[in-house]
Amino acid sequence: MQIIVKENYDRMSKLAAEMIADLVRKKPRCVLGLATGSTPLGTYRELIRMHHEEELDFSQVATFNLDEYIGLPPTHEQSYMYFMCRNFFDHINIHPANVHVPSGITEEVPSYCEWYEKEIKEVGGIDLQLLGIGANGHIGFNEPGSSLGSRTRLKMLDEKTVKDNARFFSRLEDVPHFAITMGIATITETRQLLMQANGENKAGAIARSVEGPITAMCPASIVQMHPQVTIIVDRAAAKKLTRRYPSEPPPLTPGK
Ligand code: PGA
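Residues numbered from 1 in each chain as written. Predicted model: local features only at pLDDT ≥ 70, side-chain atom pairs only at ≥ 80, totals over all residues. Heavy atoms only, no water.

This paragraph deals with the packing of helix α2 (residues 41-54) against helix α3 (residues 80-87). Running from N to C, α2 and α3 cross one another at 40°; their axes reach a closest spacing of 10 Å. What the angle tells us is that α2 and α3 run oblique. In this structure, α2 contributes Leu41, Tyr44 and Ile48 to the contact, and α3 contributes Phe83, Met84 and Asn87. Counted by class, the contact of α2 with α3 contains five nonpolar, one polar and no charged residues. (Axes fitted to C-alpha atoms, helices over the stretch in contact; angles between N-to-C directions. Helix = DSSP H or I, 4+ residues; strand = E, 2+ residues; numbered from the N terminus. Parallel < 35°, antiparallel > 145°, perpendicular 65-115°, else oblique. Contact = heavy atoms within 4.5 Å. Nonpolar A, V, L, I, M, F, W, Y, C, P; charged D, E, K, R; others polar.)

Here it is, written out as structure tokens:
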């Protein structure tokens, strides 16, 4: 596990974007797992900048998003499809057919979820999954208590998650209580995990995930089982970590 503590949100976002851009350059047909929320916004902004200024090419990239609220159509301003288009897809040269965000309005949830899993397998699996973390330790909408072996399915949101997400809705009553989310096993099958967290309200969740026991009560702690994990946090989110962590990825040649 590579934990990297950056000065602030911008540096955290820049490093995450550089890692994603590296992959896109090395493997133009790569498959990215993407996340919503406020954490990855800076990363998407930086990738958009690289697309405009450095010719970063997404024309062959495929993407799969972690989750979507049940009941919100893609045209709803708080749907995750809408979020992804407004904050990322509309500003890069990705092919719409290569974009996958779970449908929040499917009438056949179990078979839809199976189909989503199959689509991921058919493109050869996800190369890099970008992750945020909930203050309660969730990844995607895998709330505390989610099976560590879970696959894409319907989940009820924690009360804490509903409250945390209420800031995006005009009224608390409007926040959906159910979502389709990739499962924890779906997420850990990806070749590389890239988790980000910023701000003091994530410090407890980061400490439990990185230095605590692996437990379904903190789904993000599953990252400890993955052989290729990078966790980039800002100083505030690193506050409760007890061990020493670098501020840069380790150099490829020791001594440099
Ligand atoms: P946030 O959400 O980026 O809006 O803090 C992260 C998450 O809940 O996974």
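In this model, α2 (14 residues) spans 19 Å end to end at C-alpha, consistent with the 20 Å of a helix rising 1.5 Å per residue. Within α2, burial applies to Gly42, Thr43, Tyr44, Glu46, Leu47, Ile48, Met50 and His51. Contacts from the buried residues of α2 go to α1 (9-26), β2 (31-34), α3, β6 (128-131) and β9 (192-197). A positive backbone phi angle near 60° is found at glutamate 55, which sits one or two residues after α2. (Expected span 1.5 Å × (residues − 1). Buried < 20%, exposed > 50% of the residue type's maximum accessible area, 1.4 Å probe, protein only.)

Bringing the site of the ligand into the picture now. If you check the shell around the ligand, you find Gly37, Ser38, Thr39, Gly132, Ile133, Gly134, His138, Arg167 and Lys202 and nothing else. Contacts to the ligand include threonine 39, whose side-chain N or O atom sits 2.4 Å from an oxygen atom. Note that an oxygen atom of the ligand is positioned 3.0 Å from one of the side-chain N or O atoms of arginine 167. Notes on the ligand: free accessible area 280 Å², of which the protein chains cover 84%. Residues belonging to the shell around the ligand are distributed by class as follows: one nonpolar, six polar and two charged. (Near = heavy atom within 4 Å. Polar contact = N/O pair within 3.5 Å; in protein donor to acceptor, adjacent residues only side chain to side chain. Areas by Shrake-Rupley, 256 points an atom, 1.4 Å probe, with all protein chains shown as cover.)

If you check the backbone angles, glutamate 55 has positive phi at about 60° while not being a glycine. Under the relative-accessibility criterion, glutamate 55 is labelled exposed at 71%.

This paragraph deals with the pattern of salt bridges. Summed over the entire model, instances satisfying the criterion amount to 15 salt bridges. Note that arginine 191 is salt-bridged to aspartate 127, the shortest N-O span being 2.6 Å. With arginine 191 in the loop between α6 (184-188) and β9 and aspartate 127 in the loop between α4 (109-122) and β6, this residue pair connects regions lying 64 residues apart in the sequence. Between glutamate 189 and arginine 151 there is a salt bridge, with its nearest N and O atoms 2.9 Å apart. Here the residue glutamate 189 occupies a position in the loop between α6 and β9, and arginine 151 occupies one in the loop between β6 and β7 (153-156), the gap between them amounting to 38 residues. (Salt bridge = Lys/Arg side-chain N within 4 Å of Asp/Glu carboxyl O.)

Turning to the packing of α1 against α2, a few remarks are in order. Running from N to C, α1 and α2 point in directions that differ by 50°, and their axes come no closer than 8 Å. For the element pair α1 / α2, the angle class is oblique. Crossing of α1 over α2 shows right-handed handedness. Of the residues in α2, those touching α1 at Tyr9, Ser13, Lys14, Ala16, Ala17, Glu18, Ile20, Ala21 and Arg25 are Leu41, Gly42, Thr43, Arg45, Glu46, Leu47, Met50 and Glu54. Residue composition of the contact of α1 with α2, by class: eight nonpolar, three polar and six charged. (Left-handed = near helix turned anticlockwise from the far one by under 90°.)

Two measures describe an aromatic ring pair: the distance that separates the ring centres and the angle between the ring planes. Counted according to the given criterion, the structure contains ten aromatic pairs. Both rings, one in tyrosine 80 and one in phenylalanine 141, keep their centres 6.0 Å apart while their planes meet at 15°; by these two values the pair is stacked. Within this pair, whereas tyrosine 80 is found in helix α3, its partner phenylalanine 141 is found in the loop between β6 and β7, the two being separated by 61 residues in sequence. Each member of the pair, tyrosine 80 as well as phenylalanine 141, is classed as buried. Centre to centre, the rings of tyrosine 112 and tryptophan 115 are 5.4 Å apart; their planes meet at 40°, and the pair counts as tilted. Here the residue tyrosine 112 and the residue tryptophan 115 both occupy positions in helix α4, the gap between them amounting to three residues, near one helical turn. Using a relative accessible area of 15% as the deciding quantity, one classes tyrosine 112 as buried. By the ring-pair criterion, three or more aromatic residues cluster together here, those being Tyr44, Phe58, Phe88 and Phe89. (Phe/Tyr/Trp six-rings, centres within 6.5 Å; stacked < 30°, edge-to-face > 60°.)

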